[in-house]
There are 2 protein chains.
Amino acid sequence: MEDAVDVEENKSPTRREFLSMVGAFGGAAVMYQAMGMMGLAQASPYSGPIKLGQAPAGAKVLVLGAGIAGMVAAMELRDAGYEVEVIEYRGVAGGRCWTLRSGDTYEELGGAVQKVDFAEGNYFNPGPWRVPYNHYGIIDYCRRLDVELEALIQINNMAYVHSTKAFDGKPVRYREINTDFRGHISDLLSKVTNQGALDEILSEEDKTSLLAGLRTFGALNADNEYVSGNNASGRRGYERAPGGGVDGAPIANEVMDLSTLLSSGLWSRLATSETLNSSMPIFQPKGGMDMIARAMAANLGDLVKYEKKVTKISQSEDGVEVIYQDMANGDAEVTTTADYCVCTIPFSILSQIDHDFARPLTNVISSMSYNSSIKVGLEFNRRFWEEDEHIFGGTTYTDLPISQISYPSNDYLSKKPGVLLGCYSWGATAYQFSSMEPAERISRSLDFGSQIHPQMKQEFKSGVAVAWHRVPWTLGCYGAWQDKEAQYQDGVAMDRRIVCAGEHLSYLPAWMEGALLSSLDAISRLHETATNAAGK
Amino acid sequence: MEDAVDVEENKSPTRREFLSMVGAFGGAAVMYQAMGMMGLAQASPYSGPIKLGQAPAGAKVLVLGAGIAGMVAAMELRDAGYEVEVIEYRGVAGGRCWTLRSGDTYEELGGAVQKVDFAEGNYFNPGPWRVPYNHYGIIDYCRRLDVELEALIQINNMAYVHSTKAFDGKPVRYREINTDFRGHISDLLSKVTNQGALDEILSEEDKTSLLAGLRTFGALNADNEYVSGNNASGRRGYERAPGGGVDGAPIANEVMDLSTLLSSGLWSRLATSETLNSSMPIFQPKGGMDMIARAMAANLGDLVKYEKKVTKISQSEDGVEVIYQDMANGDAEVTTTADYCVCTIPFSILSQIDHDFARPLTNVISSMSYNSSIKVGLEFNRRFWEEDEHIFGGTTYTDLPISQISYPSNDYLSKKPGVLLGCYSWGATAYQFSSMEPAERISRSLDFGSQIHPQMKQEFKSGVAVAWHRVPWTLGCYGAWQDKEAQYQDGVAMDRRIVCAGEHLSYLPAWMEGALLSSLDAISRLHETATNAAGK
């Protein structure tokens, strides 16, 4: 649920710009201080386990929601000595950190019920499914809680890129597009360099290095040309690959000509695995994403109260009061109180709950929309993508409404049924899919997928389709700000005794790491407030 | 033991050249036949389990050597109905497919003995350590023999590239060099495209596509410039990464200027994971590479006779006779016979054995040299590369004699000791390391490695160093031809009743897949010979 929001924008200042702003507004002393701090800055805002210090005696914190943000807050506040009570709507913890397994039942908004009929051991992550290496916080909690990670294959050179408008709708192997694009641009740049077009920019020495670099980078020949032959085939594939015995010698295949490559538009897929949140290495918890949620929930034990539906949140000078409907006990109305509260309820839900937040925060809560997403898990009787097409993990990208097909990065070579991500889309497509019954979402995914993998319909075994706008506990995939720049500090600011947290209050929206970092920042401020109040 | 030989050369013909040659020499009919065959050609010479058909009644094959080539031959010939006897020098099967574990003892040529002192469960692969996705043969045998594979992280954006001559010898994160090189070349090519330098080559439409492609590929801004900002930082890393709560907004870092980048020479590392044999996805057997050898040996059971040293190979019109020294029984001299023989003994060893091969093959055997390689496995008390530097799997490349440091792609986050590949070199460095005692190879690896990871010496626990020229059963890493083009067919040709097989008789030298493909080709021809002879 993350890719859609990995936007690339030039909005924030560079270090130099930042420092010069600091210098202009704060003078040299402040600037040098800022430089010193930045020299120590971590690449991630997470620099190891949070150290809150000691809670004020007898202080209690209510945590609303047992997703990643809520559970991180609860664990750390408990460890600091706070009395902690976590109120959760569902019967299990995790929120969007969610895994569906054989035997699970899921009822979406609108009443459609799906019974998951996967083979034993198979699973599907409707929400987050990846843990990038640079999400230090989530990785550290996995380490601390003994959640095992395994590599997820993000980029697979053997998987396809596919456009209905190119190559007669036939999929092309990723490695062919990747090699040919690198090759052709390296060839072009070499040509113009040799023609003197860069003489004013580059020294002779730089030109020599550039040409050598392009030769390696683009698989060029000794004349810095990108041509068919073993240089190119050693990356894009052969007509006959190097083998053994009598016919061992390879036969190269032919590279695509530049115009064919450019007009295909398939080069648009070549940066996907370059962005930090999607670049190698990237991981998944063994056995399903909710292994993280389960480990956190086990750590919290009976601090989490399940099947409690919050109906009212209010605060006074003395504390916070929350009323919930106890779904586990005949919907009895229960009132619970605390000194402070961390509210991780998504704003899509919170906006429908009776509360008395201050005006600025209320404005954020009521104006935040939640983007949609559709994910379809398809189980097949055999792993035809491995057996027939030599695709192990990774993703095929397509301009069809399913957007991508991602192959499982676990149980390689298994002879049992396998589950792949058969559709993962956002925006208009997600709305369309949301309006269908689950069975139709699945059959449409099979229709589209068959254009890439003709085996799909014959090998289909079962499926599950989650449209995030219909997920009862979030009503959407992730929070989208009306005007983030203007509203952000209103959203994250502590409102007297309550602070909100979650992916929606971060610059890593839709990622568990965003929820976690938001939570750690929120509880730091809550703790500071509580400590200051206690010290008075 | 493979990378050194993944040469990129333009030696073999392209498909078009090949077909035009076929047309010129064989006429149109042959050309069309060749085209048809090529249309069906697999990307790999391996297209599924070999189907030999039925062996002649009572036919026996001797297989010399229980490495990958020998065991593949033995399994398939047995399954076809041949009586099979495998003669192996060592006490275990696998040959270079070899894993060292805690408690193992290894005595190299020269007498130095190393006792492996790793923590329980840790291991080191002195020989092959990777199974590329395009090695269909090895992968299929893993499937058939239930050898579990897990992803090996080949490229790690967080690992380092390092040159003693650049950046004051400080390592740089791979993602910085990779992003900056892509960015700068895309920026340069955009500039000259906009200046009209490519007007004669590209149509207006192609130019538009090219500029759009470069913008994506190179993380350029809307003006197709590569500059510091969130576009670049979203790939190369931030000064302060996007986070949550109050200080959630990111601060970009600064890109390297082009001249610094070019003069660093570090761009030379950017194609390593593009070549087919090193590109993602790539795998390792869970628990060590020899899980493949073990599975094959288990499949063969008592067909393999261990600790037998072949001393003489001869053949007559009636059959093959092999004399071996039975090291398991007081070095008794034993003679065994068969109708045919598959000889997988490395030519480095075979050249020292009494044999009566025909002149052309003998010439190949005696003229083949074996290249050297050094691999050092280092065990540390903790996985500091993960805990301190956020490096999970993948490889750091350096111009130091250790050449690379590869981090384990298993047991991520483990709090127990971890083993990494601390040195993996060829050529002159391998010779230097071979001449040292094992302990010195290890201490030198630590000295060099400490220039990249200062924690190394403090965290060091134990190590093992394998110099392939001193490995008694191969005397080298892989076979190198004196003149492959001229000699190859002499090497692979069946000599009356004996055919040779192994990585040295393939175009995938040093790879298990080369050994396997060579073996399958060899036994196909052996079977054809045997069937023809029986049919007479």
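None of these values were measured; they are calculated from a predicted model.

**Focus: the overall build of chain A**
A count of helices and strands for chain A gives 16 helices and 27 strands. Scaling as 2.2 N^0.38, a compact globule of 536 residues should have a C-alpha radius of gyration of about 24 Å, and chain A matches this with 26 Å. Taking the principal axes of its C-alpha atoms as reference, chain A extends roughly 80 × 65 × 40 Å. Looking at the 536 residues of chain A, the share that counts as buried comes to 64%. Partitioning the intrachain contacts of chain A with sequence separation of at least 6 by distance along the chain shows that 69% fall at a separation of at least 24.

**Concerning the relation of the copies chain B and chain A**
Mapping chain B onto chain A calls for a rotation angle of 180° and an axial translation of 0.0 Å; the resulting RMSD is 0.0 Å. On the angle and the small slide along the axis, the relation comes out as a two-fold axis. The fraction of interface residues of chain B whose copies in chain A are also interface residues reaches 100%, indicating that both copies meet through the same surface.

**Observations concerning the environment of Leu62 of chain A**
Residues and elements named next belong to chain A. Note on placement: Leu62 falls in strand 1 (residues 60-64). Here Leu62 falls in the buried class, since its relative accessible area comes to 0%. Discounting chain neighbours no more than four positions away, the residues touching Leu62 are Glu85, Ile87, Val322, Thr336, Thr337, Ala338, Tyr340, Cys341 and Val342.

**Some details on the pairing of strand 15 (residues 308-315) of chain A**
All names here are of chain A. Where strand 15 meets strand 16 (residues 320-326), seven bridges bridge the pair, whose relative direction is antiparallel. Its bridge partner lying in strand 16, Lys309 is registered against Gln325. Taking the residues between adjacent antiparallel strands as the criterion, strand 15 and strand 16 are bridged by four residues. Where strand 15 lies against strand 19 (residues 354-355), two bridges are found, and the strand directions are parallel. Residue pairing across strands places Ile313 opposite His355, the latter belonging to strand 19.

**Thoughts on the environment of Val310 of chain A**
All names here are of chain A. Assignment of secondary structure puts Val310 in strand 15. Taking the relative accessible area as the measure of exposure, Val310 reaches 10% and is therefore buried. Put simply, Val310 and Ile345 are 35 residues apart on the chain and 9.4 Å apart in space, counted from C-alpha to C-alpha.

**Digging into the sheet that holds strand 17 (residues 332-338) of chain A**
In space, the four strands of this open sheet follow the order 17-16-15-19 (chain A), with mixed pairing throughout. Each having just a single partner strand, strand 17 and strand 19 of chain A make up the two edges of the open sheet.

**What to know about the interface of chain B and chain A**
The interface of chain B with chain A comprises 111 residues on the first partner and 111 residues on the second. Three residues, Arg143, Glu239 and Leu413 of chain B, lead the burial of chain B against chain A; their summed loss comes to 7% of the area buried on that side. There are four salt bridges connecting chain B and chain A. Of the charged contacts in the structure, one is a salt bridge between Glu274 of chain A and Arg182 of chain B, with a shortest N-O distance of 3.1 Å. A total of nine residues in the side of chain B that touches chain A trace back to one element, the largest contributor, which is helix 4 (residues 174-194) of chain B.

**Things to note about the packing of helix 4 (residues 174-194) of chain A against helix 4 of chain B**
Angle between the axes and distance between the axes: these two values describe a pair of packed helices. One way to put it is that helix 4 of chain A packs onto helix 4 of chain B with a least axis distance of 10 Å and a crossing angle of 55°. The orientation of helix 4 of chain A with respect to helix 4 of chain B, classified from their angle, is oblique. In this structure, helix 4 of chain A crosses over helix 4 of chain B, and the sense of that crossing is left-handed. On helix 4 of chain B, the residues that touch Arg182, Ile185, Leu188, Leu189 and Val192 of chain A of helix 4 of chain A are Arg182, Ile185, Leu188, Leu189 and Val192 of chain B. Residues that form the contact of helix 4 of chain A with helix 4 of chain B fall into these classes: eight nonpolar, no polar and two charged.

**Observations concerning the pattern of salt bridges**
Tallying each qualifying case throughout the model produces 52 salt bridges over all chains. Of the charged contacts in the structure, one is a salt bridge between Asp146 of chain B and Lys415 of chain A, with a shortest N-O distance of 2.8 Å. Here Asp146 of chain B is found in the loop between helix 3 (136-144) and strand 8 (149-152), whereas its partner Lys415 of chain A is found in the loop between strand 23 (404-406) and strand 24 (418-426) on a different chain. Among the residues examined, Asp146 of chain B registers a relative accessible area of 60% and is labelled exposed.

**Regarding helix 3 of chain B**
Counting buried positions along helix 3 of chain B yields eight of nine residues, so the element is predominantly enclosed. Residues of helix 3 of chain B that are buried make contact with helix 11 (384-387) of chain A together with helix 2 (68-80), strand 7 (131-132), strand 8, helix 8 (290-300) and helix 16 (512-535) of chain B. Looking one or two residues beyond helix 3 of chain B, the residue adopting positive phi is Asp146 of chain B, at roughly 55°.

**Describing the sheet that holds strand 16 (residues 320-326) of chain B**
Residues and elements named next belong to chain B. Taken together, the four strands give an open sheet; going across it, the order is 17-16-15-19, and neighbouring strands pair in mixed fashion. Strands at the two margins of the open sheet, each flanked by one partner only, are strand 17 (332-338) and strand 19 (354-355). Relative to strand 17, strand 16 is paired through seven bridges, and the arrangement is antiparallel. Paired with Glu321 across the two strands is Thr337, which belongs to strand 17.

**Here's the deal with the packing of aromatic side chains**
Tallied over the full model, the rule gives 36 aromatic pairs over all chains. Summarising the aromatic geometry, the rings of Phe392 of chain A and Tyr412 of chain A are spaced 6.5 Å apart at their centres and angled 65° between planes, so their arrangement reads as edge-to-face. With Phe392 of chain A in the loop between helix 11 and strand 22 (395-398) and Tyr412 of chain A in the loop between strand 23 and strand 24, this residue pair connects regions lying 20 residues apart in the sequence. Overall, the relative accessible area of 8% leaves Tyr412 of chain A in the buried class. An angle of 80° between the planes, with centres 5.0 Å apart, marks the rings of Phe384 of chain B and Trp385 of chain B as edge-to-face. A single burial state applies to Phe384 of chain B and to Trp385 of chain B, both of which are buried. By way of ring pairs, the aromatic residues Phe380, Phe384, Trp385, Tyr407 and Phe460 of chain A are connected into one cluster. Taking the ring centre of Tyr424 of chain A as reference, the NZ or CZ of Lys375 of chain A above it sits at 4.9 Å. Over the face of the ring belonging to Tyr141 of chain B we find Arg144 of chain B, whose NZ or CZ atom lies 4.2 Å from the ring centre.

**Focus on the UniProt feature "domain: Amine oxidase" (unreviewed entry) in chain A**
With numbering matched to this structure, UniProt assigns "domain: Amine oxidase" (unreviewed entry) to residues 68-522 of chain A. End C-alpha atoms of residues 68-522 of chain A are separated by 13 Å, and the span's content is 32% helix alongside 23% strand.

**Things to note about the environment of Ser506 of chain A**
Structurally, Ser506 of chain A is set in the loop between strand 27 (498-500) and helix 16 (512-535). Beyond its immediate chain neighbours, meaning those up to four positions away, Ser506 of chain A contacts Lys484, Tyr488, Gly514 and Ser518 of chain A together with Gly243, Gly244 and Gly245 of chain B. A distance of 2.8 Å separates a polar side-chain atom of Ser506 of chain A from the backbone oxygen of Glu503 of chain A. Within the local environment of Ser506 of chain A, its side chain forms a polar contact with the backbone nitrogen of Leu508 of chain A, the two atoms lying 3.0 Å apart.

**A look at the confidence of the model for chain A**
Residues and elements named next belong to chain A. Residues at a pLDDT of 70 or more form 92% of chain A, whose mean pLDDT is 93. Across residues 3-42, confidence stays below pLDDT 50; counting only partners more than four residues off in sequence or on other chains, it has 57 contacts. Quick note on the complex model: pTM equals 0.92, ipTM equals 0.92.

**Here's the deal with the packing of helix 2 (residues 68-79) of chain A against helix 8 (residues 290-300) of chain A**
Residues and elements named next belong to chain A. It is at 10 Å that the axes of helix 2 and helix 8 come closest, and there the two elements cross at 35°. In this structure, helix 2 crosses over helix 8, and the sense of that crossing is left-handed. Counted together, Ile68, Met71, Val72, Ala74, Met75 and Arg78 of helix 2 and Ile292, Ala293, Met296, Ala297, Asn299 and Leu300 of helix 8 form the full contact between these two elements. Its residues assigned to classes, the contact of helix 2 with helix 8 comprises ten nonpolar, one polar and one charged.

**Side note on the nonpolar core**
Membership of the largest hydrophobic core comes to 279 residues, with the highest contact counts inside it found for Ile292 of chain A together with Ile292 of chain B. Aside from chain neighbours lying at most four places away, what touches Ile292 of chain A is Ile68, Cys97, Val131, Ile138, Cys142, Val147, Pro285 and Met512 of chain A.

**Some words on the side chain of Glu76 of chain A**
Residues and elements named next belong to chain A. Mapping Glu76 onto the fold places it in helix 2. On the basis of relative accessible area, Glu76 is assigned to the buried category, the value being 5%. Of note is the side chain of Glu76, whose polar atom sits 2.7 Å from the side chain of Arg144. Apart from residues lying up to four places away in sequence, Glu76 is in contact with Ile50, Leu52, Tyr141, Arg144, Leu520 and Ile523.

What counts as what
Residues numbered from 1 in each chain as written. Chains lettered and ligands numbered in written order. Predicted model: local features only at pLDDT ≥ 70, side-chain atom pairs only at ≥ 80, totals over all residues. Heavy atoms only, no water. Helix = DSSP H or I, 4+ residues; strand = E, 2+ residues; numbered from the N terminus. Rg over C-alpha atoms; globule rule 2.2 N^0.38 Å. Buried < 20%, exposed > 50% of the residue type's maximum accessible area, 1.4 Å probe, protein only. Contact = heavy atoms within 4.5 Å. Least-squares fit on C-alpha atoms with pLDDT ≥ 70 in both. Pairing = 2+ DSSP bridges. Buried area = accessible area lost by both parts, 1.4 Å probe. Salt bridge = Lys/Arg side-chain N within 4 Å of Asp/Glu carboxyl O. Axes fitted to C-alpha atoms, helices over the stretch in contact; angles between N-to-C directions. Parallel < 35°, antiparallel > 145°, perpendicular 65-115°, else oblique. Left-handed = near helix turned anticlockwise from the far one by under 90°. Nonpolar A, V, L, I, M, F, W, Y, C, P; charged D, E, K, R; others polar. Phe/Tyr/Trp six-rings, centres within 6.5 Å; stacked < 30°, edge-to-face > 60°. Lys NZ or Arg CZ within 6 Å of the ring centre and 35° of its normal. UniProt positions renumbered as here; feature names shortened; annotations may be inferred. Polar contact = N/O pair within 3.5 Å; in protein donor to acceptor, adjacent residues only side chain to side chain. pLDDT = per-residue confidence, 0-100. Core = buried A, V, L, I, M, F, W, Y, C linked by side-chain atoms within 4.5 Å.

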